[in-house]
Amino acid sequence: MEDTPSRPAPRRRHLMDPANPVRPVNDAQLSRVQRWVVSVLAVTTILHLSVGLVVAAYFLAPDDRVSQIGLCAIAAAFGVIAVAVGLVIHRQRVLSPWLLLGLLPGVVGVALVVR
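Cut-offs used in this document
Residues numbered from 1 in each chain as written. Predicted model: local features only at pLDDT ≥ 70, side-chain atom pairs only at ≥ 80, totals over all residues. Heavy atoms only, no water. Buried < 20%, exposed > 50% of the residue type's maximum accessible area, 1.4 Å probe, protein only. Helix = DSSP H or I, 4+ residues; strand = E, 2+ residues; numbered from the N terminus. Arc of directions from axis to C-beta. Contact = heavy atoms within 4.5 Å. Phe/Tyr/Trp six-rings, centres within 6.5 Å; stacked < 30°, edge-to-face > 60°. Patch = residues over 30% accessible without salt bridge, like charges linked within 9 Å, V, L, I, M, F, W, Y side chains within 5 Å. Areas by Shrake-Rupley, 256 points an atom, 1.4 Å probe, with all protein chains shown as cover. Salt bridge = Lys/Arg side-chain N within 4 Å of Asp/Glu carboxyl O. Axes fitted to C-alpha atoms, helices over the stretch in contact; angles between N-to-C directions. Parallel < 35°, antiparallel > 145°, perpendicular 65-115°, else oblique. Nonpolar A, V, L, I, M, F, W, Y, C, P; charged D, E, K, R; others polar. pLDDT = per-residue confidence, 0-100. 1 Å grid on protein atoms, 1.4 Å probe; cavity = no way out; pocket = protein on both sides within 12 Å on 5 of 7 lines; lining within 4 Å. Points joined across faces, edges and corners; volume = space filled by probe spheres on them.

Draft legend 1. Inspection of helix H3 (residues 104-114) at higher detail. Where H3 is concerned, the buried positions are Pro 105, Gly 106, Gly 109 and Val 113. The buried residues of H3 occupy one face: seen down the axis, they fall within an arc of 95°. Opposite the buried face of H3, by more than 90 degrees, sit the exposed residues Val 107 and Val 114. Where H3 is buried, its residues touch helix H1 (27-58) and helix H2 (65-89).

The following block contains the structure:
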């Protein structure tokens, strides 16, 4: 018998070739999705902190009214920061009417604490 080198089996088309990785066709679409994922994660994380401060203010003793209002003010500041972070990630103007939406946790907190 002759020793003939055997040819490797041809690579199937549905498998990836590690020697020649294929880049995604639509990089713009991928970066848009990545931007949305990062902004949702950042904004919800900061808003959780803001809501946590409102909950902490709600459970303080009623005679600590100044501390309750102070925590609600800090919650409003973190809410504004959360909206600003979302705007920065999406490359929008930071100074916009959307920042007023960030005041919502603080306003709701004051309404809960005062009643």
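Now that the structure has been shown, the text picks up again.
Draft legend 2. Geometry of the packing of aromatic side chains. On inspection of all chains with the given rule, the structure shows one aromatic pair. Judged by centre distance (5.3 Å) and plane angle (85°), the rings of Tyr 58 and Phe 59 are edge-to-face. The class of Phe 59 is exposed, set by a relative accessible area of 65%.

Draft legend 3. View of a nonpolar patch on the surface. Together, Val 51, Val 55, Tyr 58, Phe 59, Trp 98, Leu 101, Leu 104, Val 108 and Leu 112 line one region of the surface with nonpolar side chains, adding up to about 900 Å² of accessible area. Elements represented by at least two residues in the nonpolar patch include exactly H1 and H3. Position of Leu 112 relative to the elements: it lies in helix H3. Residue Leu 112 is classed as partly exposed on the basis of its relative accessible area, which comes to 32%.

Draft legend 4. Representation of the packing of H1 against H2 within the structure. Between H1 and H2, the shortest axis-to-axis distance is 8 Å and the interhelical angle comes to 175°. What the angle tells us is that H1 and H2 run roughly antiparallel. Considered class by class, the residues forming the contact of H1 with H2 number 20 nonpolar, five polar and one charged.

Draft legend 5. Broad picture of the confidence of the model for the chain. The share of residues in the chain with pLDDT of 70 or more is 93%, and the mean pLDDT across the chain is 89. Considering each helix and strand of the chain separately, the mean pLDDT is smallest for H1, with a value of 93, and largest for H2, with 97.

Draft legend 6. Representation of the environment of Ser 67 within the structure. If you trace the backbone, Ser 67 turns up in helix H2. Classification of Ser 67 by relative accessible area gives partly exposed; the value is 37%. As a C-alpha pair, Ser 67 and Ala 57 span ten residues in sequence and 7.3 Å in three-dimensional space.

Draft legend 7. The arrangement of the layout of surface pockets in detail. There is about 280 Å³ of room inside the largest pocket. Together, 15 residues line the largest pocket, and Val 43, Ala 82, Val 83, Gly 86 and Leu 101 are the ones closest to its centre. Of all the elements in the fold, those that place two or more residues in the lining of the largest pocket are H1 and H2. Broken down by element, the lining of the largest pocket gets its largest block of residues, five residues, from H1. Taken together, the residues that form the lining of the largest pocket break down as ten nonpolar, five polar and no charged.

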